[in-house]
Amino acid sequence: MSEALAGPDGLLRCPWGLSAPDYVAYHDEEWGRPVHGDDALFERLSLEAFQSGLSWLTILRRREGFRAAFAGFEIAKVATYGEADEQRLLADEGIIRNRLKVAATMANAKVLAEWKPGELDELIWSYAPEPAGRPAPKRLADVPAVTPESTALSKELKRRGLRFVGPTTAYALMQACGLVNDHLADCHAR
């Protein structure tokens, strides 16, 4: 039996997608939808890293602040950030002011700026598992936090110099960017 719940509009959703009003549009329109492009994936990777240890709702509510603070997550722009920018970011109340996460985002941009255009997109999507091998989850307990693919992606990102990209963060990225479809079986967004 599926754990999908009916929302006020009668549509079945993953329970977390109804847990706060901010989640409904994110669940219905973004989460699990394919995301491509180096800057777009850099944004998602960075936000997933900032989420580590926090609720996604905290990040979602500050997303526009993050976008403003990190130049729309344009890799080329963030790669130019220096000490003054780091201090500015650590004083910015519109984002999560975690020194390690801010430094990692800046460092990751510098690494990614050295890659060929499209290389981040190609690398991340090369770890997408075959959908046929993944049954649709019926319950939230059926959704893993880590998979062999996310562990391998994490190792490769770390090998290439990226930080704050552990297997759990890598799997959250895979879910958010549509590499896997973890909407529950009866969820209308599936």
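Per an unreviewed UniProt entry, the recorded name for the chain is DNA-3-methyladenine glycosylase I, and the organism is Streptomyces coryli.

### Looking at the overall build of the chain
Check the secondary structure of the chain and you find ten helices and two strands. Helices (α) and strands (β) of the chain occur, in sequence order from the N terminus, as β-β-α-α-α-α-α-α-α-α-α-α. Against the compact-globule benchmark of 16 Å for 190 residues, the chain has a radius of gyration of 17 Å, which places it among compact chains. Seen along its three principal axes, the alpha-carbon backbone of the chain occupies a region of about 55 × 35 × 25 Å. Scored against the burial criterion, the 190 residues of the chain give a buried share of 46%. Residue pairs at least 24 apart in sequence account for 67% of intrachain contacts in the chain once pairs closer than 6 positions are excluded. Summed over all atoms, the accessible surface of the chain reaches about 9100 Å², with 54% contributed by carbon and sulfur.

### Structural notes on the packing of helix 2 (residues 38–51) against helix 7 (residues 99–112)
Following both chains from N to C, one finds helix 2 and helix 7 inclined at 155°, their axes separated by 10 Å at the closest point. With respect to helix 7, the element helix 2 is oriented roughly antiparallel. Considering how the two elements wind past one another, helix 2 and helix 7 form a crossing that is right-handed. Together, Phe-42, Ser-46, Ala-49, Phe-50 and Gln-51 of helix 2 and Lys-101, Val-102, Thr-105, Asn-108, Ala-109 and Leu-112 of helix 7 make up the contact between the two elements. Here the contact of helix 2 with helix 7 is composed, by residue class, of six nonpolar, four polar and one charged.

### With respect to the packing of aromatic side chains
Evaluated as defined, the whole model comprises nine aromatic pairs. A centroid spacing of 5.5 Å and a plane angle of 20° characterise the contact between Phe-70 and Phe-73, whose relative ring orientation is stacked. The pair formed by Phe-70 and Phe-73 is uniform in burial state, with each residue classed as buried. Seen in terms of ring centroids, Phe-70 and Tyr-81 are 6.4 Å apart; in terms of plane orientation they differ by 20°. Their pairing is stacked. You can see Phe-70 sitting in the loop between helix 4 (63–69) and helix 5 (75–78) and its partner Tyr-81 sitting in the loop between helix 5 and helix 6 (83–90), a full eleven residues away along the chain. Tyr-81 carries the same exposure label as Phe-70, and that label is buried. What links up through ring pairs into an aromatic cluster is the set Phe-42, Phe-50, Phe-66, Phe-70, Phe-73 and Tyr-81. Above the face of the Tyr-81 ring, Arg-88 is positioned so that its terminal group lies 5.2 Å from the ring centre.

### With respect to unusual backbone geometry
Of note, the phi angle at Phe-73 is positive, near 60°, even though the residue is not glycine. For Phe-73, the position within the fold is in the loop between helix 4 and helix 5. The class of Phe-73 is buried, set by a relative accessible area of 0%. The residue Phe-164 is not glycine, and still its phi comes out positive at about 60°. Relative to the helices and strands, Phe-164 is located in the loop between helix 9 (148–159) and helix 10 (167–176).

### Here we look at the UniProt feature "binding site: Zn(2+)" (unreviewed entry) in the chain
Per the UniProt record, the feature "binding site: Zn(2+)" (unreviewed entry) sits at Cys-14, His-27, His-183 and Cys-187. Spatial clustering of the annotated residues is evident: they stretch over 174 residues in sequence, but the largest pairwise C-alpha distance comes to 10.2 Å. Overall, the relative accessible area of 1% leaves Cys-14 in the buried class. By the element assignment, Cys-187 lies in the segment after helix 10.

Thresholds applied
- Residues numbered from 1 in each chain as written.
- Predicted model: local features only at pLDDT ≥ 70, side-chain atom pairs only at ≥ 80, totals over all residues.
- Heavy atoms only, no water.
- Helix = DSSP H or I, 4+ residues; strand = E, 2+ residues; numbered from the N terminus.
- Rg over C-alpha atoms; globule rule 2.2 N^0.38 Å.
- Buried < 20%, exposed > 50% of the residue type's maximum accessible area, 1.4 Å probe, protein only.
- Contact = heavy atoms within 4.5 Å.
- Areas by Shrake-Rupley, 256 points an atom, 1.4 Å probe, with all protein chains shown as cover.
- Axes fitted to C-alpha atoms, helices over the stretch in contact; angles between N-to-C directions.
- Parallel < 35°, antiparallel > 145°, perpendicular 65-115°, else oblique.
- Left-handed = near helix turned anticlockwise from the far one by under 90°.
- Nonpolar A, V, L, I, M, F, W, Y, C, P; charged D, E, K, R; others polar.
- Phe/Tyr/Trp six-rings, centres within 6.5 Å; stacked < 30°, edge-to-face > 60°.
- Lys NZ or Arg CZ within 6 Å of the ring centre and 35° of its normal.
- UniProt positions renumbered as here; feature names shortened; annotations may be inferred.

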